[in-house]
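# Architecture at a glance
Below are the chains, spelled out letter by letter.
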Amino acid sequence: GCLLLWLLPSILRAQSSEEARPRSASCQQSPTKVSCKGVGLRKFPKELGQGVKYLELSNNFIQNLSGSSMPGFGQLEYLDLCFNQLEAISATALAQLPQLRSLLLGSNRLDSDYLANGRAFHLLRNIELLDLSANNLESHMAGWYISNLPRLRTLDLSGNKMSRLLAGIFRSSPRLRELDLSNNYIMEIEEGAFEALEELEVVNLALNSLHCISGFSLTQLRVLNLSHNALELFISEGGAEPYLLQVLDLSHNRLLYFPELPKAHYLTHLNLSNNLIASLLPGSGSLGEFVLPYKEMVRFNRTWTTAAGLTRVADLDLSNNRLELFPVPFFHGLGSLHSLSLAKNCLQDVAGEPLAEGVEPSGHSPVLSVHSLDLHDNAIHVLPPWFFHSLPQLETIDLGSNSLQPCEGRGSHQEGGLGAGSDVLAPGGTCTPFYSVPHLKHLSLCKNNIARLHPFAFNQTSLLSLDLSGNKDMFLPKEALGGVEFSLQKLSLRGNHMDNSKAELPCLGTLKVLDLSGNNLSLLPAGLLCSPLERLDIRNNNLLTLEKPVLTSWSHSLKDVSIAGNPFSCCSLAWLD
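Cut-offs and rules
- Residues numbered from 1 in each chain as written.
- Predicted model: local features only at pLDDT ≥ 70, side-chain atom pairs only at ≥ 80, totals over all residues.
- Heavy atoms only, no water.
- Helix = DSSP H or I, 4+ residues; strand = E, 2+ residues; numbered from the N terminus.
- Buried < 20%, exposed > 50% of the residue type's maximum accessible area, 1.4 Å probe, protein only.
- Areas by Shrake-Rupley, 256 points an atom, 1.4 Å probe, with all protein chains shown as cover.
- Salt bridge = Lys/Arg side-chain N within 4 Å of Asp/Glu carboxyl O.
- Phe/Tyr/Trp six-rings, centres within 6.5 Å; stacked < 30°, edge-to-face > 60°.
- Core = buried A, V, L, I, M, F, W, Y, C linked by side-chain atoms within 4.5 Å.
- Contact = heavy atoms within 4.5 Å.
- Polar contact = N/O pair within 3.5 Å; in protein donor to acceptor, adjacent residues only side chain to side chain.

When its secondary structure is counted, the protein chain shows 6 helices and 30 strands. Here the protein chain holds 577 residues, and 46% of them are scored as buried. Of the roughly 27000 Å² of accessible surface on the protein chain, 51% is carried by carbon and sulfur atoms.

Listed below in C-alpha cells is the structure:
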C-alpha cells in the first residue's frame, strides 16, 4: 500500500504529460511541419517546438493558450486551432510568436473573453491571414479583435453574429485584400466602413440581411458575393472611374429589375438567379418610381435598352425569376456572352428584330454570341423561324419542360433541299424549326408533350446529343431522325411509355449512348444493329429476352448495360453469354 502511494504522484504526472503530448503515431511530423489534427489534445503540445513552422491542431479540445505552454515556437508561421474549445489567448503566448503569419481560430468560443483576447491580438502585427469564423462574435467584438492588425491581407469573419458594419471597422488593416463576412446578420453597412481598404479585391457578404445597396463605390473590387440576402435594389455610383469588378453574385435576393451597372466594363460573370425580376428594361435610380412590366412598356412605346456597358460578360444567369418575355435585343450589347440561362421563368414569347428572309447574319446583324442557352422549365410554345439565325454560334440549348413541337423538315433527297421556306409548318405556325442549325450540337426537348416527331425534324443539324425523354406516348417514326445518322452519339428516350410500334430508329452509325428505360418495349428497335453502342439503359421495359444478332453487333463495343425491371424469361437467358 505504501509503495502504491509513493508511486501515485509519478503515475499522475505521467498521465498528465501523456494528455498534453500527442502520440507520435497520431501526429504526422516532419522537421518543420506537424499535424496533430483530431488526436484528442486538451493542451498545447509545447514539446513540439524547436524549428516547427507549420502546426495544425484543429479538431481537438484545447481551451486556452498561455505563455507557459509555448516556449520554443519562435519560428512558427502557420497555426491552425480551428474546431477546438478555445476561450482564452494570453498576450504572453502571442508575444512568443513573432514570425506568425497565418492564424486560424474558426469554430471556437472567442466571444467569452473578447476584451482580454483582443488586447493580446494587438501583438499580432505581422499577421497576414486571420480566421475568426463561427465564434459567436458580435459587431463590436469583431471590431476589437482586428483593431491593430496593419499587415492583414485575408480576414474570415463568416458565421458570426455581426448585425452591422461600423464606420472605420477595418481602418487599422489598410492592406486587406480578401474579406469574408458571409453567414452573419448584417442589415446595415455604415458609410465609410470600407473607406480605408484601397487594396480590397474579394468580398463575400452572402447569407446576410441586406435590403439595399445604393451608391456602391468599391471600384477596385474584383469579386463581390451578395447572394442570399434580401436585396431589392442595387445601384452603383455613377462616377467617372470604371469598376474593376469581374464576378458579381446577386442571386437569391428580391431584385425587381436588372441592376444598373454603367461602369462595370470588366464584369465577366453575373449571377441574378432566384430573384423577382419581371423586366429586363432597366429601372430608374429613383426609389419612388415603379418599374413597369413589359406590357406597360410597350404601351408607352419605350424602346428596348441593351445592357450596353457589360461588353465582357461571358456568363449570365437569370434563372428562377419572373420573366414572361425573352427580349433578344436586350442582349445585343453583350458581345462576349457565352453562357445564358433563363431557366425556370415564366417565358411565353420571344421578342426581337428578325433578319430579313434569306439574309445571312453579318457583323452588323443583331446576333448574339451565345454558345450555351438554358430555357428549360418555362411556358414557351413556339420559337420564331429567325430565332436560331440570331444565335449563329449556339452549340447547346436546353428547352426541356416547355410546350414546343418540332416542325417537319425535308429530306436531302427531295427537291429544293433546305432553303428558306422548305419546312412543313403546322397550322398557324405553331411548330419550331430545328433543322438547318449547323452549329447546334446538344439539344434537350424533354418533357415537351411531343406526341409525334415529324420526319427529318433535325436534318442538317449535326447533333451530338438529343434528349427526347419524358414525352409520354410519343410516336417516333424512322424518318424522324433522318439527317443525324452520322453525327448523333447520345440519345435519350427515357420515360416515354413507347411500345414497339412507336419506337422506330434508323441506322445510327455513330450512336454510343442510348437510354430506352421507362418504356413498354418487348423488342429492341431493329435499327440499333448499326450502332456501336457503349452504354445502354433498357430498365423498366417488357423485355423477355435480347436478340442474339443485336448483341453480337455490340460484343466489342458495349461497356455498360442496365437491364433491371424487365420480365426476362429464365428459360431464355442464352443472350447473357
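This model, assessed by the stated rule, comprises 6 salt bridges. Residues Arg109 and Glu87 are paired through a salt bridge, measuring 3.6 Å at the closest nitrogen-oxygen approach. Here the residue Arg109 occupies a position in the loop between β7 (102–104) and α3 (114–121), and Glu87 occupies one in the loop between β5 (78–80) and β6 (88–89), the gap between them amounting to 22 residues. Of the residues examined, Arg109 reaches a relative accessible area of 37% and is grouped as partly exposed.

Once that is clear, we can look at the packing of aromatic side chains. Tallied over the full model, the rule gives 14 aromatic pairs. Ring geometry for Phe121 versus Tyr145: centroids 4.9 Å apart, planes at 70 degrees, classification edge-to-face. Of this pair, Phe121 sits in helix α3 while Tyr145 sits in helix α4 (residues 139–145), and the two are 24 residues apart along the sequence. With respect to class, Phe121 is no different from Tyr145; both count as buried. Taking the centre distance of 6.4 Å and the plane angle of 50 degrees together, the rings of Phe434 and Phe458 count as tilted.

Even without being a glycine, Asn274 presents a positive backbone phi close to 55 degrees. In this fold, Asn274 is placed in the loop between β18 (269–271) and α5 (294–299). For Asp377, which is not a glycine, the phi torsion comes out positive at approximately 60 degrees. Its location among the elements puts Asp377 in the loop between β23 (372–374) and β24 (396–398). Among the residues examined, Asp377 registers a relative accessible area of 34% and is labelled partly exposed.

Turning our eyes to something else, we now look at the nonpolar core. Ranked by internal contacts, the top residues of the largest apolar core, which has 145 residues, are Phe170, Leu316, Phe326, Phe331, Phe458 and Leu491. Of all the secondary structure elements, the ones that give two or more residues to this core are α2 (91–95), α3, α4, β14 (212–216) and α6 (548–554). Those residues in contact with Phe170 that lie beyond four places of it in its chain are Ile146, Leu155, Leu165, Leu176, Leu179, Leu181, Ala193, Phe194 and Leu197.

Tracing the chain through its elements places Asn148 in the loop between α4 and β9 (154–156). With residues near it in sequence (within four places) discarded, Asn148 still touches Phe121, His122, Arg125 and Ser172. In this structure the side chain of Asn148 is engaged in a polar contact, spanning 3.4 Å, whose partner is the backbone oxygen of His122. Of note is the side chain of Asn148, whose polar atom sits 3.0 Å from the side chain of Arg125.

As far as function goes, none of this settles anything; it's purely spatial.
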